[in-house]
Every structure is written in structure tokens, then in C-alpha cells.
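# Architecture and fold: a report
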Amino acid sequence: MHRDVTTTVRVKLHSLTERKARLVEREYSAFQDAVHGDNANLYSATEQQAGKVRSTKNPREDTEQPVVLRNDCITIEHDEDTVLSSWWFKLPVYNPEKERGDSIWVPVRVPEKDTHLLIDEYIRDSELVRRDGEWYVHLVCKRSVAIADEYDDVLAVDMGATWIAVSTFLSDRDTQFHGAEVRRVREHYKQLRKSIGKAKVHSGAQVIERLGDKESRTVEHELHQVANELVARARERNAVIVFGDMTGLRYDNDKGRYVNDKIHKMPYAKLANILTYKSHLDGRECIPVKEYDTSRTCWRCGSQNTSREAQGRVECHGCGLDDNADKNGASNIGQRAVGKDIQSPLSTAGAVVAQPETQVVLKGPSGEMEPANSPADVGLTLSEGSPRLQSWE
């Protein structure tokens, strides 16, 4: 089984001659004019991309857009014999002296960890961006990686407001809590923006914009750390990763301004994308699971006769369960992933997971294997054996 993985490699332009710096600046400025509807001379392929950006994004006049570079017009090459730089990038530009499209070779710095990705067949449409007066090219590299077909456990991930992620192994409910720093960072910058707004400091809008950029970078760093922790946990037990699909959360839940602000602004989609990408790079599957009813359903008996009187706790009035609410939700996500209907006894089979050629099966204490998505009663509980993802050809 294979999955396509997309990685963005940020390379920095450096040591530009005055002529090359003018051409890069001119191409960038002309692209901004083009995406805002003005006439501008651009490299022909880049002009086509500007039209696409204008029609799809309809960007505001006060925004800058990355210059989209079509993959068949760019090249990156490595040469240890050149003194100025060992990496060079061919950048398409419009040359006003020649009154036509042209290309310039510019020296770039490439992160050592990403050099193996810079193969022509991997590179897709990329972007030229400007940040703090420096030029960067975000090279988008797409490649196919092999994903394992068989696993010994399931690591279920529940995303929440207090902890960005709570992970639980399905076999023994061993649980860890991840990413409290994400909420702290978000709250810290929220209060900073409030204080700046109240003080009405000079250039307050620009200060708030810079704060937003720093917050975004800090949060993204924390999300990468959380994803690394989750993938490392899964690797220890050869586990498939499943996580609660938060799609529609902002539309289906209106719990008042305070709760909405706390929940709806958490970067769940970004974490899901980073986790999926890192899981696939690690050679393991990462599957979204519908999250509806997982928070209010008892993982042990399947009852929805539960209450959340204490913050962070769930109590079941059916079987007497008193459990951490996020751990309870993660357990339900894991059970749903292996085909267990959480509103029925745990011995009842449920829905199919992942692609049609992939099924989850349960391995019994005597070595017998039964598909968890069989219409028949499996007859095995999770405590009797370990869940296993297996390919059926």
C-alpha cells in the first residue's frame, strides 16, 4: 500500500547581484499587480498562475500573494565545485531589457535534512515569497511512500481544547496527554492583542499583525512536536493511528461566545494534516474517524446516559464509569475505527474502516482471526486480543 506525501522545502536566496535582485523584485511586484487585476509584464507561465490566483482567491488589495512558479519552469541543481554556493535555483522572470520571458540562476541555501528530496520528478508547482526583506522559494515535493498493511495495536487520538491531543492505545488504554502549550500560547497572544487594542498604541495594527505571525509560527512548532510524539508512540507498538474527524465542528456546535472562542480557534485541521503527513512518512496509516457522540458515550457499556458535572470527567449512570472525558472519547474513537458500534455491546461488529482493500481484524487468544467489519458477531473483546490492520487481496 502506498500514499502520496507532500513536503515543502524552504530554500533561501542569497548573494544576489544587483541585476538579479532587481529582476526578482520586479517579478514579485508585477505578480502582485496581476493578481489584483492590473496589467503587468510577467513570465508567461507565471502570468497564467496569477490569473488562477485572482479567479480562485480574489485577494484583497492590501495583501501580498506568493508568486506561483510552475514546476516545468523551475530547476534546482547541486554543484560542489562552485565557490559562491553548492545549490543553484533557476527562477523564471520577465526581462524588460529583452522584452520577453527569461530565467536567472540564483544561489540558494538548502536545509541539509531536505537535500534528498530535491529531485526533479518530486518537485511540483512552488512559490516565491518575501519575508522580513529576504527571498525564499517554497519548493513543494511530492512522492509516494510505502505504508504498512498490518499493525499490532491502535493508537486513538482525541483532539480537544484543554489538550490539543489525548492518545490512548486500544489494547490496554495506556494514555498520554499532549500539547497543553498550544492553548497557553493562543491565550497569551489573545491577551496581548486585547491589551494593545485597549491602549491604542501607535501603529497598533502593525504590531498586532506581527504578533499574529509569531503566534502562528510558535503554534505550528508545537503542533509538529505533538505529531512527533504521537508517531513515536505508535512506532513503539507498531500501531495504526486513528483520530477524531473534527469536520463541521464550527458549524454544528454553538456553545456560547466563550466556549466557541476556546474551541473553534484551536488548529485541529492543521494538526490532522501534520499528523497524517508524519505518519505516512513513518510508513504507517493514519485514519480519520467520525467523532459524533464519542464524547457523551460511555466507552465501557455504550450508554449515552452520561453526565459531565465535573470539568474533564465523564460519569456513566448505566455502568458507574467515572473516567477522564478525553480518555473516554479517545477510547470510543479507537473502538469505532476497528468496526465496533459504540452504541451496541462491544462484541457487535460495526463499519468498515479505511480503503476497500483494507480491513481491521481481531486476533483471538488462540490465534484465530476474524474481520471486525464482518456482518456476523466477532465474539472477541478487545481485552482478549489485539486489533490488527491487514490487507485482503
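Right, let's walk through the structure included here. (Residues numbered from 1 in each chain as written. Predicted model: local features only at pLDDT ≥ 70, side-chain atom pairs only at ≥ 80, totals over all residues. Heavy atoms only, no water.)

Before going further, it helps to spend a moment on the sheet that holds strand S14 (residues 313–316). The strand order S13-S14-S15 describes an open sheet built from three strands, whose pairing is antiparallel. Only two strands of the sheet have a single partner each, and these edge strands are strand S13 (306–307) and strand S15 (322–324). Note that S13 and S14 share two bridges and pair antiparallel. By the bridge assignment for S14, Ser 307 is matched with Glu 315. Of the strands in this sheet, S14 and S15 touch helix H8 (residues 325–337), which is tilted by about 85° from S15. (Pairing = 2+ DSSP bridges. Helix = DSSP H or I, 4+ residues; strand = E, 2+ residues; numbered from the N terminus. Contact = heavy atoms within 4.5 Å. Axes fitted to C-alpha atoms, helices over the stretch in contact; angles between N-to-C directions.)

Attention now moves to the pattern of salt bridges. Summed over all chains, the structure comprises 19 salt bridges. Of the charged contacts in the structure, one is a salt bridge between Lys 12 and Glu 134, with a shortest N-O distance of 4.0 Å. Highlighted residues: Lys 12 in strand S1 (residues 2–13) and Glu 134 in strand S7 (residues 134–146), separated in sequence by 122 residues. The salt bridge involving Asp 282 is made with Arg 284; its shortest N-O contact spans 2.8 Å. Classification of Asp 282 as partly exposed rests on a relative accessible area of 26%. Judged by its relative accessible area of 6%, Arg 284 falls in the buried class. One network of salt bridges, in which partners are shared, links Asp 153, Asp 172, Asp 174, Arg 233 and Arg 237. (Salt bridge = Lys/Arg side-chain N within 4 Å of Asp/Glu carboxyl O. Buried < 20%, exposed > 50% of the residue type's maximum accessible area, 1.4 Å probe, protein only.)

Here we come to the nonpolar core. Core analysis: the biggest nonpolar cluster contains 35 residues, and Ile 76, Phe 89, Val 108 and Leu 139 have the highest contact counts within it. Secondary-structure elements contributing two or more residues to this core are S1, helix H1 (18–35), helix H2 (44–57), strand S2 (67–69), strand S4 (87–95), strand S5 (100–109) and S7. Looking at this core element by element, the count peaks at seven residues for H1. Residues in contact with Ile 76, not counting those within four places in the same chain, are Trp 87, Trp 88, Phe 89, Val 108, Val 110, Leu 118, Asp 120, Ile 123 and Leu 139. (Core = buried A, V, L, I, M, F, W, Y, C linked by side-chain atoms within 4.5 Å.)

On to the packing of aromatic side chains. Counting across every chain of the model gives two aromatic pairs. Between Tyr 28 and Trp 135, the aromatic rings sit 5.1 Å apart at their centres with planes inclined by 70°, giving edge-to-face as the arrangement. Residue Tyr 28 is found in helix H1, and its partner Trp 135 is found in strand S7; the two are separated by 107 residues along the sequence. Per residue, the accessibility class of Tyr 28 equals that of Trp 135, and both read buried. Ring centres of Trp 163 and Phe 177 lie 5.4 Å apart, and the angle between their planes is 50°; on these two criteria the pair is classed as tilted. Here Phe 177 lies in strand S10 (residues 175–178) and Trp 163 lies in the loop between strand S8 (153–158) and strand S9 (165–169), a separation of 14 residues in the sequence. Given a relative accessible area of 30%, Trp 163 falls into the partly exposed group. Over the face of the ring belonging to Tyr 136 we find Arg 10, whose NZ or CZ atom lies 4.5 Å from the ring centre. (Phe/Tyr/Trp six-rings, centres within 6.5 Å; stacked < 30°, edge-to-face > 60°. Lys NZ or Arg CZ within 6 Å of the ring centre and 35° of its normal.)

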